[in-house]
Amino acid sequence: MKGRRMYKMTILHSVLLALILSVNINAQRNAPKQSQRLLAENIFEKEEAEVIQFFKPIIPLKIKRIEQMKVKRPERYEKAIFNLLKKKRKLEKLRGDKPMEYQERVDEMKMENRIEESARQYRNSNDSKEKKSIMTQLHPLLEKQFEVREKGRVLQIQQMEKNLEKLKKTLEMRKKNRDKIIKKHLDKITGEGENLEW
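Definitions and limits used
Residues numbered from 1 in each chain as written. Predicted model: local features only at pLDDT ≥ 70, side-chain atom pairs only at ≥ 80, totals over all residues. Heavy atoms only, no water. Helix = DSSP H or I, 4+ residues; strand = E, 2+ residues; numbered from the N terminus. Buried < 20%, exposed > 50% of the residue type's maximum accessible area, 1.4 Å probe, protein only. Contact = heavy atoms within 4.5 Å. Expected span 1.5 Å × (residues − 1). pLDDT = per-residue confidence, 0-100. Phe/Tyr/Trp six-rings, centres within 6.5 Å; stacked < 30°, edge-to-face > 60°. Axes fitted to C-alpha atoms, helices over the stretch in contact; angles between N-to-C directions. Left-handed = near helix turned anticlockwise from the far one by under 90°. Nonpolar A, V, L, I, M, F, W, Y, C, P; charged D, E, K, R; others polar. Salt bridge = Lys/Arg side-chain N within 4 Å of Asp/Glu carboxyl O. Core = buried A, V, L, I, M, F, W, Y, C linked by side-chain atoms within 4.5 Å.

Colleague: Just to check I follow, could you spell out the overall build of the protein for this structure?
Modeller: Scanning the protein for helices and strands turns up six helices and zero strands. The burial tally for the protein puts 18% of its 198 residues in the buried class. Considering only contacts in the protein between residues 6 or more positions apart, those separated by 24 or more positions represent 60%.

Colleague: Can you walk me through helix α3 (residues 74-97) in this structure?
Modeller: The first and last C-alpha atoms of α3 sit 34 Å apart over 24 residues, in line with the 34 Å expected at 1.5 Å per residue. Where α3 is concerned, the buried positions are Tyr 77, Ala 80, Ile 81, Leu 84, Leu 85, Lys 88, Leu 91 and Leu 94.

Colleague: Would you take a moment to explain the confidence of the model for the protein for this structure?
Modeller: Caution is warranted with low-pLDDT regions, since their predicted coordinates should not be read in detail. For the protein, per-residue confidence averages 83 on the pLDDT scale, and 75% of positions sit at 70 or higher. Put simply, helix α1 (residues 2-55) is where the protein has its lowest mean pLDDT, 64, and helix α5 (residues 128-176) is where it has its highest, 93.

Colleague: Explain the packing of aromatic side chains here, please?
Modeller: A ring pair, where both rings are aromatic, is described by two values, the distance of the centres and the angle of the planes. Within this structure, the stated rule accounts for one aromatic pair. Ring centres of Phe 54 and Phe 55 lie 4.9 Å apart, and the angle between their planes is 80°; this geometry places the pair in the edge-to-face category. Note on Phe 54: relative accessible area 14%, which makes it buried. When its relative accessible area of 0% is taken as the criterion, Phe 55 is described as buried.

Colleague: Would you mind showing me how to read the packing of helix α2 (residues 60-72) against α3 here?
Modeller: A pair of packed helices is captured by two measures, namely the crossing angle of their axes and the spacing between those axes. Between α2 and α3, whose axes approach to 6 Å, the crossing angle comes to 140°. Like other packed secondary-structure pairs, α2 and α3 cross with a definite hand, here left-handed. For the pair formed by α2 and α3, the contact residues are Ile 63, Ile 66, Glu 67, Met 69, Lys 70, Val 71 and Lys 72 on the first element and Pro 74, Arg 76, Tyr 77, Ala 80, Ile 81 and Leu 84 on the second. A per-class count over the contact of α2 with α3 returns nine nonpolar, no polar and four charged.

Colleague: Would you mind going over the pattern of salt bridges with me for this structure?
Modeller: For side chains bearing opposite charge, pairing can occur when the charged atoms are close. If you walk through the whole model with that rule in mind, you get 17 salt bridges. Glu 104 is the salt-bridge partner of Lys 151, the closest N and O atoms lying 3.3 Å from each other. Taken together, the positions of Lys 151 in helix α5 and Glu 104 in helix α4 (residues 99-124) put the pair 47 residues apart, joining distant regions of the chain. The exposure class assigned to Glu 104 is partly exposed, which follows from its relative accessible area of 36%. Between Arg 178 and Asp 179 there is a salt bridge whose closest N-O contact spans 3.6 Å. Exposure class is identical for Arg 178 and Asp 179. Each is exposed. Put simply, Lys 46, Glu 50, Lys 88 and Glu 92 are held in one network by salt bridges that share partners.

Colleague: Could you clarify how one ought to interpret the nonpolar core in this entry?
Modeller: A general trend in soluble globular proteins is that nonpolar side chains are found buried together. Of all hydrophobic cores here, the largest spans 20 residues; its most connected members are Phe 55, Ile 58, Ile 59, Ile 66, Ile 81 and Leu 84. Of all elements in the fold, only α1, α2, α3 and α4 reach the threshold of two or more residues within this core. Excluding residues within four positions of it along the chain, Leu 84 makes contact with Val 51, Phe 55, Ile 59, Ile 63 and Ile 66. By size, the runner-up hydrophobic cluster in this structure holds five residues, among which are Met 111, Ile 115, Leu 138 and Leu 141.

Colleague: Looking at this structure, how should I read the environment of Ile 115?
Modeller: Secondary-structure assignment places Ile 115 in helix α4. A sequence separation of 27 residues divides Ile 115 from Leu 142, and the C-alpha atoms of the two residues are 7.4 Å apart. Those residues in contact with Ile 115 that lie beyond four places of it in its chain are Leu 138, Leu 141, Leu 142 and Gln 145.

Quick look at the structure:
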């Protein structure tokens, strides 16, 4: 009787030990995933704060709307923050590379914010005099915005033309050096030119 009880106790201990080891192994496997998720959440919170701080003086109305989404629509909120994060990175690169263009972009965003705010005030107003006043403010802003966008399009076309000229020159150079290019590639793929390297 004692032998059977000891045998059952040994089996029970073995099963418990195996269960405890299994739980510990699973906990160790899941620990990196949990720490990665926590790290990602911390990074998101840090970048979220930086994005809001960066854009709040530029587009306060849009930031206010995005912040209101945080509780009601968290998926859209995260998507909006990620889109602003991409825009922030582009603007920061532009600020370092082309400060004048950076300032133009920021000014354009501020103008869009003013237009959006004026349009919202117009829609919410019931006073015809106030609406007329808002309309007289909106028109010049829209004219300026139109000019800025057209200037941007002209610059984009000029850049495309420069790139096209560069491609044409490259193509012309490659046509002139066709035989040399083919010979060099032939030597490379056959291994013939390896002993001729500098």
